[in-house]
Amino acid sequence: MQTKRTIFGNKGLPYLLLAPQLIITGIFFLWPAAQAVRQSFLREDAFGLNFTFVGLRNYERLLDSPEYLNAIKVTVIFSISTVILALGVSLVLALAVDRMIRSGRAYTTLLVWPYAVAPAVAGILWWFIFNPTIGIMPYILENWFGYDWNHLLTPSDAMILVVVAAAWKQISYNFLFFVAGLQSIPNSLREAAAIDGAGPFKRFWTITLPLLSPTTFFLLVVNIVYTLFETFAVIDATTEGGPAQATNILVYKVFRDGFVGLNFGSSAAQSVILMGLVIVLTVIQFRFVERRVTY
Amino acid sequence: MVENQRWLDYLAHAVLILGVVIVAFPVYVAVIASTHEPTAFTSGTIPLLPGANAVETYSGVFEGGIAAQMSVPIGVMLTNSMIMALAIAFGKIVISILSAFAIVYFRFPFRVLAFWMIFITLMLPVEVRIVPTFEVISNLNMLNSYTGLTVPLMASATATFLFRQVFLTIPDEMMEAARIDGAGPMKFFKDILLPMSQTNIAALFVILFIYGWNQYLWPILVTTDDSYQTIVAGIKRMADVVDSEPLWNSIMSVTVLAMLPPVAVVIFMQRLFVKGLVDSEK
């Protein structure tokens, strides 16, 4: 690991400087994480007084329960849809802004502010728009397309609602990174292709998109992490996992099973599985950052 | 541009205008809704043109107590959110700049271990270890307190990494010169490192302010007492009414107020915001 060529010689000072961060990390991160691992091997009796060691039983039950398998399925559908929607829309917008010479900055300002909107607030906003009795979208869907929207009853409607809210919130983030990625592509490459007779669409597929792949890969990982963990607030503010578990994603289920169901062993086992998942994703992200994927 | 194709320019403008409209639409609807009377929502659909009730709605939510679910005056929640956002942003910066300084400018036993302990925090968001984290704060008697609301969120690997990168780019000669002039480590830190990382600190502050303001799960876990409620966590409670119609105009005015400070920060400090966002992802 890198340090400076010359360093300070003090013995105690560096520990003092690190202390606040390490204390907080220890108490609020490492200790709870260790507790989660410990609890995942225990079962609590109904009064919360006795714990029995049950080995991997909590995990086995989890992987056998149809509800957990459903949560995995729901999470996969939710993540993939949100990521595709958020990346697709922001890429199109970034490509359009990249053409603009003078108005680019103004458009950027108008497009980036949703980054500052809290996921919970984003959820509330879309929940209002899609409200089955007074919402504007159900009204349009009913009168123009004859579709009876009700996310309180129809699982697929609920899923669409949370995907739209989650993706809306993420568009500005992706947009900024795509714009930066596009700007780093040398114009000479596109000009050379244009001279060789490649039209705008051909240039996009053969030059822009491949050269944008590092940015896209980076955003892919960041967006997956976002959909898996940070969308908790979107779900809680809109559907609360319903109807009939249709939007009960893994991270929300940990919360429900722990605080509402009071099933600590199962919740802890779910926590441990999710921690494993986060670690894998973070390692992928870091290896990428170290190397910046070359083509 | 590569060649002059008018239709592509028109297409790009059309796409962008459509994008801006889609992105702004939910907020437009919320602002409009907050200017109407509660009765405007009992029949038909959400109004799309402004109403005449804006002043009443907003003064109503500031006074609080319009109805059971609006019992917490909005001023209290805004203050709590502001305290939380500022404390988290400030605390994170102080804590991580100190630890980055220790890691870069000193060599001591367990340095690599300390680095990895910090690294690990990045991997474990609160959401995945909710129950045990809640137990820790309740055992430490930190429920319903500003300490519980802010301190546990102050450890951040991202900020430490960012400052580490910044320090590594500062030439070694700086420090050698400082040492020759007889400056100790803390003097060097205060007189050279801090001024040299000013823009990074400002950029990070913008991002962390937004992060702190937008916290949702954490305030829900830590606060049950209304006087510690933050605005983002409070909206949900207002919208959750079982036996009566939600007061849509009030809920939407609270939503607008919850968005205003962080959105203003992004719009008015766009350059710092973009820098902070890009830096903290490196």
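Residues numbered from 1 in each chain as written. Chains lettered and ligands numbered in written order. Predicted model: local features only at pLDDT ≥ 70, side-chain atom pairs only at ≥ 80, totals over all residues. Heavy atoms only, no water.

Chain B is annotated in an unreviewed UniProt entry as sn-glycerol-3-phosphate transport system permease protein UgpE from Roseicyclus marinus. If you open the UniProt record of chain B and go to Subunit (unreviewed entry), you find "The complex is composed of two ATP-binding proteins (UgpC), two transmembrane proteins (UgpA and UgpE) and a solute-binding protein (UgpB)." (UniProt positions renumbered as here; feature names shortened; annotations may be inferred.)

Named according to an unreviewed UniProt entry, chain A is sn-glycerol-3-phosphate transport system permease protein UgpA originating from Roseicyclus marinus. According to its UniProt record, chain A has this under Sequence similarities (unreviewed entry): "Belongs to the binding-protein-dependent transport system permease family."

Looking only at helices and strands, one finds 13 helices and two strands in chain A. The principal-axis extents of the C-alpha atoms in chain A amount to approximately 75 × 75 × 30 Å. Sorting the 295 residues of chain A into buried and exposed places 53% on the buried side. Residue pairs in contact within chain A that sit at least 24 positions apart in sequence constitute 66% of those at least 6 positions apart. Total accessible area on chain A stands at roughly 13500 Å², and carbon and sulfur atoms take up 66% of it. Side chains of chain A carry 20 positive and 16 negative charges; the gap between the two charge centres is 15 Å. (Helix = DSSP H or I, 4+ residues; strand = E, 2+ residues; numbered from the N terminus. Buried < 20%, exposed > 50% of the residue type's maximum accessible area, 1.4 Å probe, protein only. Contact = heavy atoms within 4.5 Å. Areas by Shrake-Rupley, 256 points an atom, 1.4 Å probe, with all protein chains shown as cover. Lys, Arg positive; Asp, Glu negative; His and termini not counted. Charge placed at Lys NZ, Arg CZ, Asp CG, Glu CD.)

Right, let's talk about the overall build of chain B for a bit. A count of helical and extended segments in chain B gives 14 helices and zero strands. Overall, chain B shows an N-to-C arrangement of helices and strands of α-α-α-α-α-α-α-α-α-α-α-α-α-α. Counting only C-alpha atoms, chain B reaches 75 × 65 × 30 Å along its principal axes. Counting only residues that meet the buried cut, chain B has 55% of its 282 residues in that class. Put simply, 75% of the contacts in chain B that link residues at least 6 apart link residues at least 24 apart. Counting every atom, chain B has about 11800 Å² of accessible surface; 66% of that belongs to carbon and sulfur. Taken together, the 14 basic and 19 acidic charged side chains of chain B have centroids lying 14 Å from each other.

It is worth spelling out the UniProt feature "transmembrane region" (unreviewed entry) in chain A at this point. Residue and element names in this part refer to chain A. Listed under "transmembrane region" (unreviewed entry) in the UniProt record, and renumbered for this structure, are residues 12-34, 71-97, 109-129, 211-229 and 268-289. Counted over residues 109-129, helix gives 71% and strand 0%. Its end C-alpha atoms are 24 Å apart. Secondary structure over residues 211-229 splits into 95% helix and 0% strand, and the C-alpha atoms at its two ends are 29 Å apart.

Attention now moves to the UniProt feature "transmembrane region" (unreviewed entry) in chain B. Residue and element names in this part refer to chain B. The UniProt record marks residues 12-33, 82-106, 113-131, 151-171, 192-213 and 247-268 with the feature "transmembrane region" (unreviewed entry), using the residue numbering of this structure. For the annotated span residues 151-171, helix accounts for 62% and strand for 0% of the residues, and the straight-line distance between the end C-alpha atoms is 33 Å. The span residues 192-213 shows a helical share of 95% and a strand share of 0%, and its end C-alpha atoms are spaced 31 Å apart.

Tallied over the full model, the rule gives 33 aromatic pairs over all chains. Where Phe-177 of chain A meets Phe-218 of chain A, the ring centres are 5.3 Å apart and the plane angle is 45°; that geometry is what we call tilted. Here Phe-177 of chain A is found in helix α7 (residues 155-183), whereas its partner Phe-218 of chain A is found in helix α10 (residues 213-230), with 41 residues between them in sequence. Since its relative accessible area comes to 11%, Phe-177 of chain A is described here as buried. Measuring from centroid to centroid gives 5.2 Å for Phe-204 of chain A and Trp-205 of chain A, while their planes differ by 70°, and the two rings are edge-to-face. Under the relative-accessibility criterion, Phe-204 of chain A is labelled buried at 17%. Classification of Trp-205 of chain A by relative accessible area gives exposed; the value is 58%. Taken together, Phe-8 of chain A together with Phe-101, Tyr-105, Phe-106, Phe-163, Phe-167, Phe-188 and Phe-189 of chain B form an aromatic cluster joined through their ring pairs. Cation over ring: Arg-129 of chain B sits above Phe-29 of chain A, and NZ or CZ is 4.5 Å from the ring centre. (Phe/Tyr/Trp six-rings, centres within 6.5 Å; stacked < 30°, edge-to-face > 60°. Lys NZ or Arg CZ within 6 Å of the ring centre and 35° of its normal.)

On to the packing of helix α1 (residues 13-39) of chain A against helix α5 (residues 130-139) of chain B. Relative to each other, α1 of chain A and α5 of chain B sit at 125°, their axes nearing to 8 Å. What the angle tells us is that α1 of chain A and α5 of chain B run oblique. Judged by the sense of rotation from one axis to the other, the crossing of α1 of chain A with α5 of chain B is right-handed. Every residue of α5 of chain B that contacts α1 of chain A at Ile-27, Phe-28, Trp-31, Pro-32, Gln-35, Ala-36 and Gln-39 of chain A is listed here: Pro-132, Thr-133, Glu-135, Val-136 and Ile-137 of chain B. Grouping the constituent residues of the contact of α1 of chain A with α5 of chain B by class yields eight nonpolar, three polar and one charged. (Axes fitted to C-alpha atoms, helices over the stretch in contact; angles between N-to-C directions. Parallel < 35°, antiparallel > 145°, perpendicular 65-115°, else oblique. Left-handed = near helix turned anticlockwise from the far one by under 90°. Nonpolar A, V, L, I, M, F, W, Y, C, P; charged D, E, K, R; others polar.)

It is worth spelling out the side chain of Asn-131 of chain A at this point. Along the polypeptide, Asn-131 of chain A turns up in the loop between α5 (119-129) and α6 (136-145). Among the residues examined, Asn-131 of chain A registers a relative accessible area of 9% and is labelled buried. Among the polar contacts made by the side chain of Asn-131 of chain A, one reaches the main-chain amide nitrogen of Ile-134 of chain A at a distance of 3.2 Å. For Asn-131 of chain A, the residues in contact, after removing those within four places along its chain, are Pro-138 and His-151 of chain A together with Trp-248 of chain B. (Polar contact = N/O pair within 3.5 Å; in protein donor to acceptor, adjacent residues only side chain to side chain.)

On to the pattern of salt bridges, then. Residue and element names in this part refer to chain A. Counting across every chain of the model gives seven salt bridges over all chains. For Asp-98, the salt bridge is made with Arg-190, and the minimal N-O distance between the two is 3.3 Å. Here the residue Asp-98 occupies a position in helix α3 (residues 66-99), and Arg-190 occupies one in helix α8 (residues 187-195), the gap between them amounting to 92 residues. (Salt bridge = Lys/Arg side-chain N within 4 Å of Asp/Glu carboxyl O.)

Let us look at a nonpolar patch on the surface. All names here are of chain A. A cluster of nonpolar side chains, namely Leu-69, Ile-72, Val-76, Ile-80 and Ile-84, defines an oily patch on the protein surface of about 430 Å² accessible area. With respect to the helices, strands and loops of the structure, Val-76 is situated in helix α3. For Val-76, a relative accessible area of 43% gives the class partly exposed. (Patch = residues over 30% accessible without salt bridge, like charges linked within 9 Å, V, L, I, M, F, W, Y side chains within 5 Å.)

Attention now moves to the interface of chain A and chain B. Contacts between the two partners involve 102 residues from chain A and, on the opposite side, 118 residues from chain B. Together chain A and chain B conceal approximately 10200 Å² of surface at their shared face, both sides included; 76% is due to carbon and sulfur atoms. The interface formed by chain A and chain B contains three salt bridges. Between Lys-236 of chain B and Glu-240 of chain A there is a salt bridge; the shortest N-O distance is 2.6 Å. Inspection of the chain A/chain B interface yields 14 residue pairs in polar contact (both at pLDDT 80 or more). (Buried area = accessible area lost by both parts, 1.4 Å probe.)

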